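So the chains spell out like this:
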Amino acid sequence: MRLLCTRLLVAAGLLMAASLPALADCAGLDAQVKAAISSGNITALPGLADTIAKDTSCDSSYVNKARRSMALAYMLAGEQPDGSYSSEFVLGAAAIARPWQVSMALGDVKYEARDYPAAVEAYEAAINEIRDVKQVPKPPSREIEEYLAKRAYQAKSLAPSYIASRGFRGEPAGVMVPTFRNFTAVAVPVPIRFDTDQAVLTPDGDKAVDDLYNFLKTQTVTSLVLIGHTDERGSHQHNMQLSYDRAQTVADALRHRGLTVAIRIEGHGEGEPFAADDRSKYSQDDLYAFDRRVEYQVK
């Protein structure tokens, strides 16, 4: 769904270029940057990005804003008829700078290439930047934030091993955090992995619990709800019990790590499959991976 990252959104980012300060000692380079962007001379942008980064006459704030504008201009030059962006131009833009629009498009490129760890990193970088009011004063639509959250979870589910949400200096980040600019998620899915048909954490599942615990311990939480879900295989009665037992295993693991809040356990079996972006385009095993999850709600 790269159409979400439309020309309008990218062009809005380019407006920064028109308002960049023409610093007295950096005016010459500033003029070259603006001229290259306004004329569509994208071949000049990578070299200019390197030049201003190395030129001591350009202060760091200017360099950051200029490189972001250049990255957006570079990506926009690769727009396709359907509104998506050529992977070549997305990768070129990402080498210059990664404003959230570029990170989102990079996530899509990596996702389609089935490089799920790289897709998680890119999507969560976009999510984290959008949360930064200083960096992104006007957030994109709720639709875009929901898309990023869904794709990041799906990429985590399909990655060969668990990818932890990364935050600056250990701060909560990515899709593990329920609060976005346009909404707060009621329930947050975590792709916690268990041994087949059992409520025993795999090593990857243990890493996912670590990630959840590292988030929860930074929050003011009075109580927690853990909801287990299974895929459709097996009888309803079996899946209801298995989903409950798996949520209980996660609760026990969190308590073992030191979480002391009240925890309520629920098992919903196979009855609530994950609402993927388009379930028809995934293999059955992919869908099973999405559906097997433990969701958390904080009170």
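Up top is the structure these notes are about.
Report on the accompanying structure.

Conventions used here
- Residues numbered from 1 in each chain as written.
- Predicted model: local features only at pLDDT ≥ 70, side-chain atom pairs only at ≥ 80, totals over all residues.
- Heavy atoms only, no water.
- Phe/Tyr/Trp six-rings, centres within 6.5 Å; stacked < 30°, edge-to-face > 60°.
- Helix = DSSP H or I, 4+ residues; strand = E, 2+ residues; numbered from the N terminus.
- Buried < 20%, exposed > 50% of the residue type's maximum accessible area, 1.4 Å probe, protein only.
- Core = buried A, V, L, I, M, F, W, Y, C linked by side-chain atoms within 4.5 Å.
- Pairing = 2+ DSSP bridges.
- Axes fitted to C-alpha atoms, helices over the stretch in contact; angles between N-to-C directions.
- Contact = heavy atoms within 4.5 Å.
- Salt bridge = Lys/Arg side-chain N within 4 Å of Asp/Glu carboxyl O.
- Expected span 1.5 Å × (residues − 1).
- Polar contact = N/O pair within 3.5 Å; in protein donor to acceptor, adjacent residues only side chain to side chain.

## Notes on the packing of aromatic side chains
Right, so step 1: Under the definition given, this model contains eight aromatic pairs.
Right, so step 2: Summarising the aromatic geometry, the rings of Y74 and F89 are spaced 5.7 Å apart at their centres and angled 45 degrees between planes, so their arrangement reads as tilted. In this pair, Y74 sits in helix 4 (residues 60–76) while F89 sits in helix 5 (residues 87–96), placing the two residues 15 residues apart along the sequence. Accessibility assignment for this pair places Y74 and F89 in one class, buried.

## Focus: unusual backbone geometry
Right, so step 1: Of note, R114 is a non-glycine position whose phi angle comes to about 65 degrees, a positive value.
Right, so step 2: Checked against the element boundaries, R114 lands in the loop between helix 6 (100–112) and helix 7 (116–131).
Right, so step 3: At D197, a position not held by glycine, the phi torsion is positive, near 60 degrees.
Right, so step 4: One can find D197 in the loop between strand 1 (188–190) and helix 9 (203–216).

## Focus on the nonpolar core
Right, so step 1: Core analysis: the biggest nonpolar cluster contains 33 residues, and L45, I52, Y62, M70 and I96 have the highest contact counts within it.
Right, so step 2: Looking at this core, the elements with two or more residues in it are helix 2 (27–39), helix 3 (45–54), helix 4, helix 5 and helix 6.
Right, so step 3: Broken down by element, this core gets its largest block of residues, 10 residues, from helix 4.
Right, so step 4: Counting 30 residues, the second largest nonpolar core, distinct from the first, contains M104, I130, A152 and V175.

## Details of the sheet that holds strand 2 (residues 223–229)
Right, so step 1: Pairing is mixed across the open sheet formed by four strands, whose spatial order is 1-4-2-3. The sheet terminates laterally at strand 1 and strand 3 (262–267), the two strands that pair on one side only. Strand-to-strand twist in this sheet, taken as the mean axis angle between neighbours without regard to direction, amounts to 25 degrees.
Right, so step 2: Two strands pair when backbone bridges link them, and strand 1 and strand 4 (residues 293–298) are joined in this way by three bridges, in the antiparallel orientation. By the bridge assignment for strand 4, V190 is matched with V294.
Right, so step 3: Each of strand 2, strand 3 and strand 4 touches helix 10 (residues 236–257); the most contacted strand, strand 3, lies at about 160 degrees to it.

## Some words on the pairing of strand 4
A regular strand carries its side chains on alternate faces of the sheet.
Right, so step 1: Across the six residues of strand 4, five count as buried, placing the element largely inside the fold.
Right, so step 2: In this sheet, strand 4 lies alongside strand 2 in antiparallel orientation, the contact comprising six bridges. Within strand 4, the residue paired with I227 across the bridge is E295.

## Brief notes about the pattern of salt bridges
Right, so step 1: Tallying each qualifying case throughout the model produces 19 salt bridges.
Right, so step 2: Between R68 and E129 there is a salt bridge, and its shortest N-O distance comes to 3.0 Å. Taken as a pair, R68 in helix 4 and E129 in helix 7 lie far apart in primary sequence, 61 residues in all.
Right, so step 3: With a relative accessible area of 7%, R68 lands in the buried category.
Right, so step 4: Between R279 and D291 there is a salt bridge; the shortest N-O distance is 3.1 Å. Taken as a pair, R279 in the loop between strand 3 and helix 11 (284–291) and D291 in helix 11 lie far apart in primary sequence, 12 residues in all.

## A look at helix 4
Because an α-helix packs 3.6 residues into every turn, residues spaced three or four apart end up facing the same way.
Right, so step 1: Compared with the 24 Å implied by 1.5 Å per residue over 17 residues, the 24 Å span of helix 4 between its first and last C-alpha is a close match.
Right, so step 2: Of all 17 residues that make up helix 4, 13 are buried, and the element is covered over most of its length.
Right, so step 3: Here helix 4 starts with a cap whose side-chain oxygen sits 3.2 Å from the backbone nitrogen of S61, and that cap is D59.

By themselves, these are just geometric observations and shouldn't be taken as functional.
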